[in-house]
Structure formats: structure tokens, C-alpha cells
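# Survey of secondary and tertiary structure
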Amino acid sequence: MITDTAPITDTAPARSECLARAGSAQRHRQRKHGKSEQTAALKYPAVSPQVNDAESTVSVEFTPTIPHCSMATLIGLSIKVKLLRSLPERFKLDVHITPGTHASEHAVNKQLADKERVAAALENSHLLEVVNQCLSARS
């Protein structure tokens, strides 16, 4: 369970169009443990970006497939990392879950908005590897 004070460590990969490489591990885990739960991580349209070049802001809203999606933090972190790597430093980023679409929406959004938590998460070599795999799946 994600709490307001929990570090960003949600690394259990699941399948989605956006996170295809991470998906094979989740499907394997589900077959291994006999689970047949839904494995898609995002609904479509899953990501809604709003860019304000004049104010140097980018806001991205994403919608997990199910209200208890364990991938929400990883998806948000992956989106944030992609934007950090792609945009000039002058842009302020806001990555958040679409309101009302996730059980831990407030906690996940708080984690994604906390620069120190994001920085700490990216210092975790395993988590950074998972994020890189997620991003390379769409590149």
C-alpha cells in the first residue's frame, strides 16, 4: 500500500502498450502464481498532456486501467523521467493521476510531485533500470 510518506519504490512490472517490456515479467509472475487478473496498466486515451510554453509548464494526466493498479507510481515516474530527459530544464512538470481513477490517487500524486522522492527513486539503480526499460519499450 502506498502512503503519503512512502518512498517511490513501486517496481512490480505489468503489461501495457506503453510499458511493454515491463509486462513480460508481470505476465510471467501471474502465470507462475496462477493469477488471471487484468494486466493492462493504462486506459486509452491514457495520457493527456497540457503544455504552456509561455509559462514553461507541462501538466500530464494519466489514467490507470483499474482503481488499484500497482503500476501507477511506476507509470507516473516513467512519464516524469521521459519529460525530464526530453524537455528543456526551464519547464516545470506536473504528472498526476486523473482525478477519481485510482484508490491511492492522492498518495501517488504526492510522491510524483515531491522532487526529493523522485530524485531518491532515480538513485535506486534497480528502479532506474525498470524505468529505462519502460521508456525503451516505446522508443
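Before reading further, recall that the structure is shown in the block above.
Given the structure is predicted, the values throughout are model-derived calculations rather than measurements.

A few words now on the nonpolar core. Of all hydrophobic cores here, the largest spans 25 residues; its most connected members are Phe62, Leu74, Leu77, Ile79, Leu83 and Val95. Elements with a contribution of two residues or more to this core: β2 (57–64), α2 (72–86), β3 (92–97), α3 (105–113), α4 (115–123) and α5 (125–138). Sorting elements by how many residues they give to this core places α2 first, with seven residues.

Glancing now at the pattern of salt bridges. The tally for this structure, following the rule as stated, stands at two salt bridges. A salt bridge links Arg90 to Asp53; the shortest N-O distance between them is 2.7 Å. Of this pair, Arg90 sits in the loop between α2 and β3 while Asp53 sits in the loop between β1 (42–52) and β2, and the two are 37 residues apart along the sequence.

Where α2 contacts α4, the axes come no closer than 12 Å and their chain directions differ by 90°. Classified by the angle between their axes, α2 and α4 sit roughly perpendicular to one another. Across the interface between the two elements, Leu77, Lys80 and Val81 of α2 pack against Val118, Ala121 and Leu122 of α4. The residue inventory of the contact of α2 with α4, partitioned by class, reads five nonpolar, no polar and one charged.

The next point concerns the pairing of β3. Where β2 and β3 come together, six bridges link them in parallel fashion. Bridge assignment links Phe62 to a residue of β3, and that residue is Ile97. This β-α-β element, β2 to α2 to β3, shows right-handed connectivity.

A few words now on the environment of Val130. In this structure, Val130 sits in helix α5. Sequence separation of Val130 and Leu74 is 56 residues, and the distance between their C-alpha atoms is 8.6 Å.

Conventions used here
- Residues numbered from 1 in each chain as written.
- Predicted model: local features only at pLDDT ≥ 70, side-chain atom pairs only at ≥ 80, totals over all residues.
- Heavy atoms only, no water.
- Core = buried A, V, L, I, M, F, W, Y, C linked by side-chain atoms within 4.5 Å.
- Buried < 20%, exposed > 50% of the residue type's maximum accessible area, 1.4 Å probe, protein only.
- Helix = DSSP H or I, 4+ residues; strand = E, 2+ residues; numbered from the N terminus.
- Salt bridge = Lys/Arg side-chain N within 4 Å of Asp/Glu carboxyl O.
- Axes fitted to C-alpha atoms, helices over the stretch in contact; angles between N-to-C directions.
- Parallel < 35°, antiparallel > 145°, perpendicular 65-115°, else oblique.
- Contact = heavy atoms within 4.5 Å.
- Nonpolar A, V, L, I, M, F, W, Y, C, P; charged D, E, K, R; others polar.
- Pairing = 2+ DSSP bridges.
- Right-handed = clockwise from strand over helix to strand, strands pointing away.

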